[in-house]
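Structural overview for review
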Amino acid sequence: PEKRDRCKVYPNQGREVFDYTRAENCKPTLQSAVRPRKQRTSSHFGIKMAPPGCCSKDGASSVKGFCPFSLFLFGATAYSFVRHLQTRSCKRTSDDAPTSEPSRVVFVLGGPGAGKGTQCQLLSEKLNWAHLSAGDLLRAERKKEGSELADIINSNISAGKIVPSEITVQLIKNAMEQLRKEKGQTKFLIDGFPRSEGNVNAWNDVVGEEANVECVLYFECPEDILTSRLLERGKTSGRNDDSIVSIFL
């Protein structure tokens, strides 16, 4: 109606007719006919935007209602929370992870010359079990210079005493740990051990639950065969105990 004065009016039987050909501003349009939709602001979603000028030096923000510092604070908080969850997850995984499995051990016993070393070598090649000889470990330790265990072993042998069981067990344990660390070996054939109840007690005290003894292999052989084997072996072994005197003592 306020634009009516811009349009021409023609009398037509008591009715007013508008001339829209010349009065273009009087034409109804879709934009004017449709009610404009109310624009939603951040308050509809429960978000309080920072007032203009909260982050700028001159009192005016570069973008109306946007605070870069708030965005940075939100990002830093989210990153810290994610790192915290990752740390907790890694710690829980490490705590729940099972400890290293105990080693598998088989004791191999028998008289001198019964074939313990030969059979252990065959089993080691075919079944991938490591062969450890208690006697060889003692002899090798005696030759080491500056070794405290070597001094104790040599002093006991010189005095005609038996080497303490704890030393023998410690040498075996050291060899097992070295093979496990270097080659990942967990299966061991221990030749010539234990030979007494003291050896068994020392094994339980030093090794304990770090190894499971699965069984004992015991080789039997007639004495005359043992004697002939030892004498034959003494020709090339260089061992003092492979002599006729040591055998019958």
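Before reading on, note that the structure itself is shown above.
Residues numbered from 1 in each chain as written. Predicted model: local features only at pLDDT ≥ 70, side-chain atom pairs only at ≥ 80, totals over all residues. Heavy atoms only, no water.

Here we take up the overall build of the protein. Helix and strand counts for the protein stand at 9 helices and 6 strands. Taken over 249 residues, the protein has a buried fraction of 24%. Expressed as a percentage of contacts within the protein between residues at least 6 apart in sequence, the contacts between residues at least 24 apart total 60%. When the accessible surface of the protein is totalled, it reaches about 19,100 Å², and 54% of it is carbon and sulfur. (Helix = DSSP H or I, 4+ residues; strand = E, 2+ residues; numbered from the N terminus. Buried < 20%, exposed > 50% of the residue type's maximum accessible area, 1.4 Å probe, protein only. Contact = heavy atoms within 4.5 Å. Areas by Shrake-Rupley, 256 points an atom, 1.4 Å probe, with all protein chains shown as cover.)

Bringing the packing of aromatic side chains into the picture now. All told, the structure shown has 3 aromatic pairs when counted by the stated rule. Between Phe107 and Phe193, the aromatic rings sit 5.7 Å apart at their centres with planes inclined by 70°, giving edge-to-face as the arrangement. Here Phe107, found in strand β3 (residues 103-110), pairs with Phe193, found in the loop between β5 (187-191) and α7 (197-206); they are 86 residues apart in sequence, far enough to count as distant. In this structure, Phe107 and Phe193 share a single accessibility class: buried. Between Phe107 and Trp203, the ring centres sit 5.3 Å apart and the planes meet at 80°, which makes this aromatic pair edge-to-face. Here the residue Phe107 occupies a position in strand β3, and Trp203 occupies one in helix α7, the gap between them amounting to 96 residues. Accessibility classification places Phe107 together with Trp203 in one group, the buried group. Each member of the aromatic cluster is reached from another via a ring pair, and the members are Phe107, Phe193 and Trp203. (Phe/Tyr/Trp six-rings, centres within 6.5 Å; stacked < 30°, edge-to-face > 60°.)

Let us now look at the packing of helix α4 (residues 134-142) against helix α6 (residues 165-183). Two elements in contact, α4 and α6, have axes separated by 10 Å at closest approach and are oriented at 95°. Relative to α6, the element α4 is oriented roughly perpendicular. Between α4, through Ala134, Leu137, Leu138 and Glu141, and α6, the contact on the second element is made entirely by Thr168, Leu171, Ile172 and Ala175. The class makeup of the residues in the contact of α4 with α6 is 6 nonpolar, 1 polar and 1 charged. (Axes fitted to C-alpha atoms, helices over the stretch in contact; angles between N-to-C directions. Parallel < 35°, antiparallel > 145°, perpendicular 65-115°, else oblique. Nonpolar A, V, L, I, M, F, W, Y, C, P; charged D, E, K, R; others polar.)

Counting residues in hydrophobic clusters, the biggest one holds 18 residues, and the most contacted among them are Val105, Val169, Ile172, Met176, Ile190, Phe193 and Trp203. Listing elements by their share of this core, those giving two or more residues are β3, β4 (130-133), α6, β5 and α7. Tallying contributions element by element places α6 first for this core, with 5 residues. (Core = buried A, V, L, I, M, F, W, Y, C linked by side-chain atoms within 4.5 Å.)

A few words on the sheet that holds β4. Strand order in the open sheet made by the 4 strands is β4-β5-β3-β6, with parallel pairing throughout. On the outer flanks of this sheet lie β4 and β6 (211-219), each paired with one strand and no other. On average, each strand axis in the sheet is inclined to that of its neighbour by 25°, with strand direction left out of account. Judged from the 5 bridges that link them, β3 and β5 form a sheet pairing that is parallel. Bridge pairing links Phe107 to Ile190 in β5. Strands β4 and β5 of the sheet are contacted by α4, whose axis makes an angle of about 65° with β4. (Pairing = 2+ DSSP bridges.)

With that out of the way, let us pick up a nonpolar patch on the surface. Taken together, the side chains of Phe69, Phe72 and Leu73 present a nonpolar region at the surface, about 370 Å² in accessible area. Within the element layout of this structure, Leu73 appears in helix α2 (residues 68-96). Exposure remark for Leu73: the relative accessible area of 47% places this residue in the partly exposed category. (Patch = residues over 30% accessible without salt bridge, like charges linked within 9 Å, V, L, I, M, F, W, Y side chains within 5 Å. Salt bridge = Lys/Arg side-chain N within 4 Å of Asp/Glu carboxyl O.)

This structure, assessed with the given rule, holds 4 salt bridges. For Glu141, the salt bridge is made with Lys144, and the minimal N-O distance between the two is 3.3 Å. On the accessibility criterion, Glu141 (9% relative accessible area) is buried.

On to helix α3 (residues 116-127). An ideal rise of 1.5 Å per residue puts 16 Å on 12 residues; α3 measures up with 16 Å between its terminal C-alpha atoms. With its phi angle positive at about 60°, Asn128 sits one or two positions after the end of α3. (Expected span 1.5 Å × (residues − 1).)

Let us now look at the side chain of Glu141. Structurally, Glu141 can be placed in helix α4. Residues within four places of Glu141 in sequence aside, it is in contact with Ser147, Leu149, Ala150, Ile153 and Leu171.

Inspection of the secondary structure puts Lys116 in helix α3. No salt bridge is formed by the buried Lys116. Its closest oppositely charged neighbour is Asp191, at 4.5 Å. Engagement of the side chain of Lys116 in a polar contact is seen with the backbone oxygen of Gly110, the distance being 3.2 Å. Among all residues touching Lys116, those that are not within four sequence positions of it are Val108, Leu109, Gly110, Gly111, Asp191, Gly192 and Phe219. (Lys, Arg positive; Asp, Glu negative; His and termini not counted. Polar contact = N/O pair within 3.5 Å; in protein donor to acceptor, adjacent residues only side chain to side chain.)

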